[in-house]
Amino acid sequence: MTRAAVYLPDRRSRSEGRSGPGRLEEIELDVLEVGSAHVVLPEATVRDERGGALFTGDGLGRGLVFDPSAGGGPMADAAADRAARAFGVVNAAFHTQRALRYVSGLLGHPLPRLLVRIGMHEQTRRWGGGHYRLPGQGVGADPDATSPAGEVHLGGGAGFVATSGTDRHFRAPAHNPAIVCHEVGHHVCRHTADFRLNRLRPPGQQTNKKRAVDEGTSDVITAILLDTADIYGWHRHRIPEYDRRRRKLDPRWTMAHFQGGRHGDPHADGTVWASACWSARQRVTATGADPTRFDTLLLLGLELFGRDNPAGLTGDALRERRHFSRLLAAMVEADPAMAPHVLAAMAEHGIHLGVSNNDLSRAARMGGSRLAADA
Ligand SMILES: [Zn+2]
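Residues numbered from 1 in each chain as written. Predicted model: local features only at pLDDT ≥ 70, side-chain atom pairs only at ≥ 80, totals over all residues. Heavy atoms only, no water.

With that settled, consider empty space enclosed by the protein. To find leftover empty space, one rolls a probe the size of a water molecule over the atoms. Summed over all chains, the structure comprises three cavities of 30 Å³ or more. Each pocket or cavity is described by its volume, and for the largest cavity that value is around 110 Å³. Lining the largest cavity are 14 residues; nearest its centre among them are Leu134, Arg190, Arg196, Asn198 and Asp214. Among the elements that make up the lining of the largest cavity, the one with the highest residue count is helix H2 (residues 177–190) (three residues). Classifying every residue of the lining of the largest cavity gives four nonpolar, four polar and six charged. (1 Å grid on protein atoms, 1.4 Å probe; cavity = no way out; pocket = protein on both sides within 12 Å on 5 of 7 lines; lining within 4 Å. Points joined across faces, edges and corners; volume = space filled by probe spheres on them. Helix = DSSP H or I, 4+ residues; strand = E, 2+ residues; numbered from the N terminus. Nonpolar A, V, L, I, M, F, W, Y, C, P; charged D, E, K, R; others polar.)

Here's what the structure looks like:
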């Protein structure tokens with residue numbers, strides 16, 4: 001175990017005193033090896049790709065304890081930016097390990113190793129986001145993605161979050177637990193439900209296109225890991241909570257807000273699914289059960305979902321796998337005793353078994369009458 005400084009999840013809002021992406025604490029990290037700009041964990045490797053040595057010279061005597069330096073960035077001096085980058089590698093490693101250990105503990109087996117690369121795709125502009133990539137062609141193709149089991153790419157950071165009257169924090173994704181957890185969530189989806197049937201595609205021809213169910217599941221996994229519905233509340237605090245771009249999980253988001261189709265944003269549509277899952281988790285907890293009861297049925301449901309054996313990579317097989325109701329069916333199969341609670345919460349968001357996303361959306365917009373008439 002190595003001493004490390006990281007941002008632990010912080011449920012507080014900014015008005016309650018939250019001033020950064022998390023609560024700065026020292027913890028013990030299970031690290032196998034520390035290189036000049038990477039750390040190797042039992043379940044993942046995390047690497048800063050921008051060149052230069054981060055983990056040599058001063059500071060290593062204190063393990064992996066570095067000053068986050070308010071995110072570093074272009075306004076910071078060289079020493080502060082180096083410390084911020086070192087902190088970013090360690091913080092991303094901690095949240096990757098924490099997420100993968102929680103998930104594999106509930107699944108009862110490990111997931112394939114994950115590679116996390118920081119400072120990617122910055123040749124032409126700064127990038128404050130992240131994505132999950134598999135090697136392949138088509139939408140979201142990324143020539144830099146080479147690991148068949150999947151990789152997380154994080155930008156080096158872009159822009160600032162104002163933290164108080166004069167202070168500001170550089171938006172470095174590796175410092176932000178919510179961004180790291182969301183991308184690890186996609187790795188969980190890929191190796192359980194496999195919404196895009198990538199296991200039927202050759203290793204070098206995977207697809208990176210993500211559906212709403214994938215984005216929403218990654219968001220609810222993030223909410224579980226951070227223990228808050230306002231997963232992006234720190235860096236999106238300027239977006240009101242009633243705006244779906246905030247992506248706060250909320251009972252207000254129902255299938256009536258689902259767009260779907262070519263013009264729908266899978267992240268915004270995914271918020272409906274994530275919100276319904278969060279409501280279901282609260283409903284399960286209200287019975288006196290531990291919240292991990294819901295987390296387990298979600299993960300076992302994802303795994304059951306991925307266990308079917310379609311005849312091939314057909315349009316129909318892929319289309320069916322977009323439907324929230326199909327994942328819901330697998331979740332209630334995983335824990336029949338909790339099914340009534342999960343189904344009741346989902347129904348409040350307009351999600352019912354055996355109905356496509358578009359039909360659920362149409363029914364919700366018509367106040368549920370159409371679905372009742374068809375049933
Ligand atoms: Zn995503």
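Another aspect to go through is helix H7 (residues 324–334). Considered for burial, the residues of H7 that qualify are Phe324, Ser325, Leu327, Leu328, Ala330, Met331 and Val332. On its buried side, H7 packs onto helix H3 (212–226), helix H4 (266–286), helix H5 (291–305), helix H8 (339–348) and helix H9 (357–365). (Buried < 20%, exposed > 50% of the residue type's maximum accessible area, 1.4 Å probe, protein only. Contact = heavy atoms within 4.5 Å.)

In this section: the packing of aromatic side chains. We describe a pair of aromatic rings using the distance from one ring centre to the other and the angle between the two ring planes. All told, the structure shown has six aromatic pairs when counted by the stated rule. Relative to Phe87, the ring of Tyr7 lies with its centre 5.0 Å away and its plane at 70°, an arrangement referred to as edge-to-face. Of the two residues, Tyr7 sits in strand E1 (residues 2–8) while Phe87 sits in helix H1 (residues 78–107), which places them 80 residues apart along the sequence. Judged by centre distance (5.6 Å) and plane angle (55°), the ring pair of Phe55 and Phe66 falls under tilted. With a gap of eleven residues between them, Phe55 in the loop between strand E5 (44–48) and H1 and Phe66 in the loop between E5 and H1 connect regions that are remote in the sequence. (Phe/Tyr/Trp six-rings, centres within 6.5 Å; stacked < 30°, edge-to-face > 60°.)

Turning our attention to the environment of Gly306. Tracing the sequence through the fold places Gly306 in the loop between H5 and helix H6 (315–320). Overall, the relative accessible area of 12% leaves Gly306 in the buried class. With 51 residues separating them along the chain, Gly306 and Asn357 place their C-alpha atoms 19 Å apart. Once residues within four sequence positions are removed from consideration, Gly306 is found in contact with Thr192, Ala193, Arg199 and Arg321.

As a further point, take the environment of Arg196. With respect to the helices, strands and loops of the structure, Arg196 is situated in the loop between H2 and H3. Among the residues examined, Arg196 registers a relative accessible area of 11% and is labelled buried. Apart from the residues within four sequence positions on either side, Arg196 is in contact with Arg201, Thr207, Lys209, Arg211, Leu313 and Leu318.

Turning our eyes to something else, we now look at H5. Its 15 residues give H5 an end-to-end C-alpha distance of 21 Å, which sits within 8% of 21 Å, the value for a rise of 1.5 Å per residue. Among the residues of H5, those classed as buried are Phe294, Asp295, Leu297, Leu298, Leu299, Gly301, Leu302, Glu303 and Phe305. Packed against the buried residues of H5 are H1, H2, H3, H4, H7 and H8. (Expected span 1.5 Å × (residues − 1).)

With five of five residues buried, strand E6 (residues 114–118) lies mostly within the body of the structure. Of the strand pairs in this sheet, E6 and strand E8 (residues 151–154) are connected by four bridges, and their pairing is parallel. By the bridge assignment for E8, Val116 is matched with Val152. (Pairing = 2+ DSSP bridges.)

Right, let's talk about the sheet that holds strand E3 (residues 33–34) for a bit. Spatially, E3-E4-E5-E6-E8-E7 is the arrangement adopted by the six strands of the open sheet, whose pairing is mixed. This sheet does not close on itself; its edge strands, each paired only once, are E3 and strand E7 (130–133). Bridge analysis of E5 against E6 gives five bridges, and the strand direction is parallel. By the bridge assignment, Ala44 is partnered in E6 with Leu114.

A word on the packing of H1 against H5. Direction vectors running N to C along H1 and H5 enclose 80°, while the axes themselves pass 9 Å from each other. By the criterion of interaxial angle, the relationship of H1 to H5 is roughly perpendicular. Listed contacts from H5 to Tyr102, Val103, Leu106 and Leu107 of H1 are Thr292, Asp295, Thr296, Leu299, Leu300 and Glu303. Among the residues making up the contact of H1 with H5, the classes are represented as six nonpolar, two polar and two charged. (Axes fitted to C-alpha atoms, helices over the stretch in contact; angles between N-to-C directions. Parallel < 35°, antiparallel > 145°, perpendicular 65-115°, else oblique.)

All right, on to the layout of surface pockets then. Volume-wise, the largest pocket comes out at about 810 Å³. Forming the walls of the largest pocket are 39 residues, and the residues nearest its centre are Lys210, Arg211, Glu215, Pro266 and His267. Among the elements of the structure, E7, H2, H3, H4 and H9 are those that each provide at least two residues to the lining of the largest pocket. Classifying every residue of the lining of the largest pocket gives eight nonpolar, 17 polar and 14 charged. Shared between two domains, the lining of the largest pocket holds at least three residues of each, these being domain 1 (1–210) and domain 2 (237–375). In this model, the second largest pocket occupies a volume close to 280 Å³. (Domains from an automatic or database assignment.)

A separate point is the domain arrangement of the protein. Taken domain by domain, the protein holds domain 1 (1–210) and domain 2 (237–375). Placing the centre of domain 1 and that of domain 2 at their C-alpha centroids yields a distance of 28 Å. Facing the 20 residues of domain 1 at the interface are 22 residues of domain 2. Summed over the three residues of domain 1 that lose the most area to domain 2, namely Leu106, Phe195 and Leu197, the buried surface amounts to 28% of that side. For the pair domain 1 and domain 2, the number of links is one salt bridge. A salt bridge links Asp308 to Arg199; the nearest nitrogen and oxygen atoms lie 3.6 Å apart. Where domain 1 packs against domain 2, one counts seven residue pairs in polar contact (both at pLDDT 80 or more). Tallying contributions element by element places H1 first for the side of domain 1 that touches domain 2, with four residues. Its residues assigned to classes, the side of domain 1 that touches domain 2 comprises eleven nonpolar, three polar and six charged. (Buried area = accessible area lost by both parts, 1.4 Å probe. Salt bridge = Lys/Arg side-chain N within 4 Å of Asp/Glu carboxyl O. Polar contact = N/O pair within 3.5 Å; in protein donor to acceptor, adjacent residues only side chain to side chain.)

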